[in-house]
Amino acid sequence: MECLSLKNGKMLPPLGFGFMRLPVFDENDRSTVDIARVKKMVDIYMSRGFGYFDTAHRYNDEASEPALRQALAERYDRDRFWLTDKITLNYIKKPEDQEPFIRRQLELCGVDYFDLYLIHNVGQSSLEAFEKLGTFDFVRRMKEEGYARHTGFSFHGTADVLEEVLRRHPDTEFVQLQINYLDWDDGAIQARKCYETARKYGCKILVMEPVKGGTLVNLPSEAEKLLKEAAPQASLASWAIRFAAGLEGVCMVLSGMSAEEQVQDNTSYMTSFQPLTQEEQKILSQAAEIIQANTAVACTGCRYCTAECPKSIAIPEYFSLYNNYRRLENTSYMYNQKVYYHNLTAVHGKASDCVKCGRCEKNCPQRLPIRELLSQVAEVME
């Protein structure tokens, strides 16, 4: 892997800890973070020689930054870890909102500066808004003033839009891309094309969603059997993360870890990283074909869609249940998906409560037709 040297001559670790899907006490309230467990996860990760953390104000229903302060910043010396945060369009209405926003983020995280500061979720629908707000100039100024050591942006969009952003802003240090073996040749996500565009402009690449929000560890039985027969001791996550980490120009892969076991597993094979062999690449391609044939909704569970939903619909959870329902052959287990669905509707809006406002689709990095899909969920689950 090719890495950036960011802190006192030290290189970025190959595996980053995404503070996005932290363990919680109440699955219906993602802000109820289990700090004791998060501390254990941080300690395992740090003890194995890693130290890169990625957060954003909206993660875990705005509880990620305070959790990071308690689990990391208050317990470890600042020079022992790298920290990335992001400026998010939903919280910025006018240019003068931007500086108070980053100052609040620094306070919530308990730090004086960010090692990396990203413009969050740049894409077709957000690029011009960020340009009008002067956000690209703003993050450059934050670097000049010492609040950010390095700057860049995370990207969810097509390759032609990425090329336009990099053409307008040739001083971009790095770009964070969604890359995984399922999206590599996907026509909507265009992971390969975006990767090639970033390489064309000489950008360093950080990878997000290598396991596609858990999709690549919850495989159809045929795909799981294929991978397990090829490498019985390897976790399903290891296949996905090694795929992304082995790409030339990638300097770090993020994993949104939510349990101690995930930290232990990911760090075990990334401590002495070995890229996939050609034979393993072929096996993954076969697995991707099987998964694509068995996935109804390509949702990663990022929860961006729920931020502005006027009916508080549990969209990612409903899509997960719907995927399980569609791919399962066991009738009793299919019934269980409906039970879970109806339990969720006791505290969230039903799929049929959707008022078709479109805010969810505006915020969706995967550009899913959420309104149409919710109608399908309602038809099956209700």
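Only a predicted model underlies this, so the values are computations on that prediction, with no experimental measurement involved.

Q: I tried to follow the sheet that holds strand β12 (residues 250-255) on my own but got confused; where do I start?
A: Two strands in a sheet stick together by hydrogen bonds in their backbones, pointing the same way (parallel) or opposite ways (antiparallel). Here we have 8 strands rolled up into a closed barrel, ordered β3-β6-β7-β8-β9-β10-β11-β12, and parallel in their pairing. Averaged over all pairs of adjacent strands, the angle between strand axes in this sheet comes to 30°, irrespective of strand direction. Sheet topology note: the strand β3 (residues 15-18)/strand β6 (residues 52-54) ladder contains 2 bridges and is parallel. In the strand pairing of β6, F17 is matched with F53.

Q: How should I be thinking about the packing of aromatic side chains in this particular structure?
A: Counted according to the given criterion, the structure contains 15 aromatic pairs. Geometrically, the ring pair formed by F53 and F81 is edge-to-face, given 6.4 Å between the ring centres and 85° between the ring planes. Of this pair, F53 sits in strand β6 while F81 is found in the loop between α3 (64-73) and β7 (82-87), placing the two residues 28 residues apart along the sequence. There is no split in this pair, since F53 and F81 are both buried. Measuring from centroid to centroid gives 6.4 Å for Y181 and F243, while their planes differ by 75°, and the two rings are edge-to-face. On the criterion of sequence distance, the pair formed by Y181 in the loop between β10 (174-178) and α8 (191-200) and F243 in helix α10 (residues 236-245) is long-range, its members being 62 residues apart.

Q: Would you explain the side chain of S64 in this entry?
A: For S64, the position within the fold is in helix α3. A polar contact is formed between the side chain of S64 and the backbone oxygen of F19, at a distance of 2.7 Å.

Q: Mind showing me how you'd approach helix α4 (residues 98-109) here?
A: Along an α-helix, residues three or four apart share an orientation, since each turn contains 3.6 residues. In a regular helix each residue adds 1.5 Å, so 12 residues correspond to 16 Å; α4 covers 17 Å between its end C-alpha atoms and thus fits that length. Regarding α4, the residues found buried are Q98, F101, I102, Q105, L106, L108 and C109. Buried residues along α4 cover an arc of 165° about the axis, so they all sit on one side. Among the structural elements, α3, β7, β8 (114-122), α5 (127-133) and α6 (135-144) are those in contact with the buried residues of α4.

Q: Can you help me understand the nonpolar core in this one?
A: When a protein is soluble and globular, its nonpolar side chains tend to lie buried together. In this structure, F17, V42, Y45, F53, F153, I179 and Y181 are the most contacted members of the largest nonpolar core, which totals 103 residues. At 8 residues, the largest contribution of residues to this core is made by α10. With residues near it in sequence (within four places) discarded, Y45 still touches P13, L15, G16, F17, F50, G51, Y52, F53, M257, V263 and T267. Counting 26 residues, the second largest nonpolar core, distinct from the first, contains M334, C354, I370 and A378.

Q: I tried to follow the packing of α3 against α4 on my own but got confused; where do I start?
A: A pair of packed helices is captured by two measures, namely the crossing angle of their axes and the spacing between those axes. Relative orientation of the contacting elements α3 and α4 amounts to 40°, with a least axis distance of 7 Å. On the basis of their axis angle, the class for α3 and α4 is oblique. The residues of α4 that touch α3, namely those facing E65, P66, L68, R69 and A73, are Q105, E107, L108 and C109. Of the residues belonging to the contact of α3 with α4, the class tally is 5 nonpolar, 1 polar and 3 charged.

Q: Sorry if this is basic, but what is going on with the side chain of R30 here?
A: Tracing the backbone shows R30 in strand β5 (residues 29-33). R30 gets classed as buried once you look at its relative accessible area, which sits at 13%. For R30, the side chain forms a polar contact with the side chain of E27, separated by 2.9 Å. Once residues lying within four places of it in the same chain are set aside, the contact partners of R30 are R21, L22, V24, N60, D61 and R303.

Parameters and conventions
- Every chain's residues receive numbers from 1 upward, in the order its sequence appears when written.
- Owing to the predicted nature of the model, reporting of local features is limited to residues with pLDDT of at least 70; listing and counting of side-chain atom pairs is limited to 80 or more, with chain, interface and lining totals taken over all residues.
- Processing note: side-chain calculations cover all non-hydrogen atoms of the structure and skip hydrogens and water entirely.
- We treat two strands as partners when DSSP finds at least two bridges between them.
- Counting from the N terminus, the helices are DSSP H or I runs at least four residues long and the strands are E runs at least two residues long.
- Axis geometry follows a simple rule: fit a line to the C-alpha atoms, using only the stretch in contact for helices, then measure angles between N-to-C directions, giving values from 0 to 180 degrees.
- When two rings of Phe, Tyr or Trp (its six-membered ring) have centres within 6.5 Å they constitute a pair, described as stacked for plane angles under 30 degrees, edge-to-face for angles over 60, and tilted for the intermediate range.
- Only protein chains enter the calculation, and the probe is 1.4 Å; a residue is then buried if its accessible area is under 20% of its type maximum, exposed if over 50%, and partly exposed in between.
- As used in this structure description, the phrase polar contact means that two N or O atoms lie within 3.5 Å; if the pair is within protein, one of them must be able to donate a hydrogen and the other to accept it, and residues adjacent in sequence are counted only when both atoms belong to side chains.
- Multiplying 1.5 Å by the residue count of a helix minus one yields the expected span of that helix.
- This arc is built from the directions going out from the helix axis to the C-beta atoms.
- Any two residues whose heavy atoms approach within 4.5 Å at even a single point are treated as in contact.
- We call a set of buried Ala, Val, Leu, Ile, Met, Phe, Trp, Tyr and Cys residues a nonpolar core when their side-chain atoms join them within 4.5 Å.
- Here the angle decides the label: under 35 degrees means roughly parallel, over 145 means roughly antiparallel, 65 to 115 means roughly perpendicular, and every other value means oblique.
- Three classes are used: nonpolar for Ala, Val, Leu, Ile, Met, Phe, Trp, Tyr, Cys and Pro, charged for Asp, Glu, Lys and Arg, and polar for all others, with Gly counted as polar.

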